[in-house]
Amino acid sequence: MRKLVIALTGFLVGGVLAGAAFAVPPSGGSSAAAPAHRTLTIQHVYRGCHTWSNGKTRSPLMRLTLAPGGRLTIRNADFDAHQLVELSGPAKLRLGGPMMMSHGRTVAFTRNGAYRLRTRTVDMPGMMEVETKGPDNILRLVVTVG
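The notes below deal with the structure included here. Bear in mind that the values here come from a model prediction, so they are computed numbers and not experimental data.

**Quick word on the pairing of strand β4 (residues 61-66)**
Turning to step 1, where the next piece is worked out: On β4, burial follows the alternation: M62, L64 and L66 on one face are buried, whereas L61, R63 and T65 on the facing-out side are not.
Turning to step 2, where the next piece is worked out: Examined bridge by bridge, β4 and strand β9 (residues 140-145) share six bridges and lie parallel to one another. Residue pairing in the sheet places L64 in a bridge with V143 of β9.

**A few points about the environment of R105**
Turning to step 1, where the next piece is worked out: Its place among the elements puts R105 in strand β7 (residues 104-108).
Turning to step 2, where the next piece is worked out: Through-space distance from the C-alpha of R105 to that of T39 is 10.0 Å; in sequence the pair is 66 residues apart.
Turning to step 3, where the next piece is worked out: Sequence-distant contacts of R105, that is, excluding residues within four places in its chain, are made with L72, T73, I74, L95, G96, G97, P98 and M99.
Turning to step 4, where the next piece is worked out: In terms of polar contacts, R105 uses its side chain to reach the backbone carbonyl oxygen of G97, at 2.7 Å.

**Points about the sheet that holds strand β5 (residues 71-77)**
Turning to step 1, where the next piece is worked out: The five strands lie next to each other as β3-β2-β1-β5-β7, forming an open sheet whose pairing is mixed. Where the open sheet ends on each side, the last strands, each with one partner, are β3 (58-59) and β7.
Turning to step 2, where the next piece is worked out: The pairing of strand β1 (residues 37-45) with β5 spans seven bridges and is classified as parallel. Its bridge partner being in β5, T41 is matched across the sheet by R75.

The rules we used
- Residues numbered from 1 in each chain as written.
- Predicted model: local features only at pLDDT ≥ 70, side-chain atom pairs only at ≥ 80, totals over all residues.
- Heavy atoms only, no water.
- Buried < 20%, exposed > 50% of the residue type's maximum accessible area, 1.4 Å probe, protein only.
- Helix = DSSP H or I, 4+ residues; strand = E, 2+ residues; numbered from the N terminus.
- Pairing = 2+ DSSP bridges.
- Contact = heavy atoms within 4.5 Å.
- Polar contact = N/O pair within 3.5 Å; in protein donor to acceptor, adjacent residues only side chain to side chain.

Here it is in structure tokens:
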């Protein structure tokens, strides 16, 4: 009888551990967690004047996901100064003043939800004029935290 109880206990413990192993997704798989830090660059382009770049994609609209409490670093590689403007979100963000060329800013996202932002070009005295084709892009950004 004692051997039967030991054998049944072994099967139960083994079954629970095997079930837990299948319930936990493998690390680095398709269900990988959102990154805690991302970087975007505002780049100068001939058609549209400026665009977002994440190192792989360039577009006037960028969507990204961050882990709760994550940070986004934005670098300005455009000739124009850019001011970040929050259109909506679950918390008021600290966006600071205009970003001049070769400067940047890191923004912390403290609450879960969707944040909608855009940039506004700021006229600065002494800035050089660069010829571009077509209307200027309005850079929009959607950051989902959670």
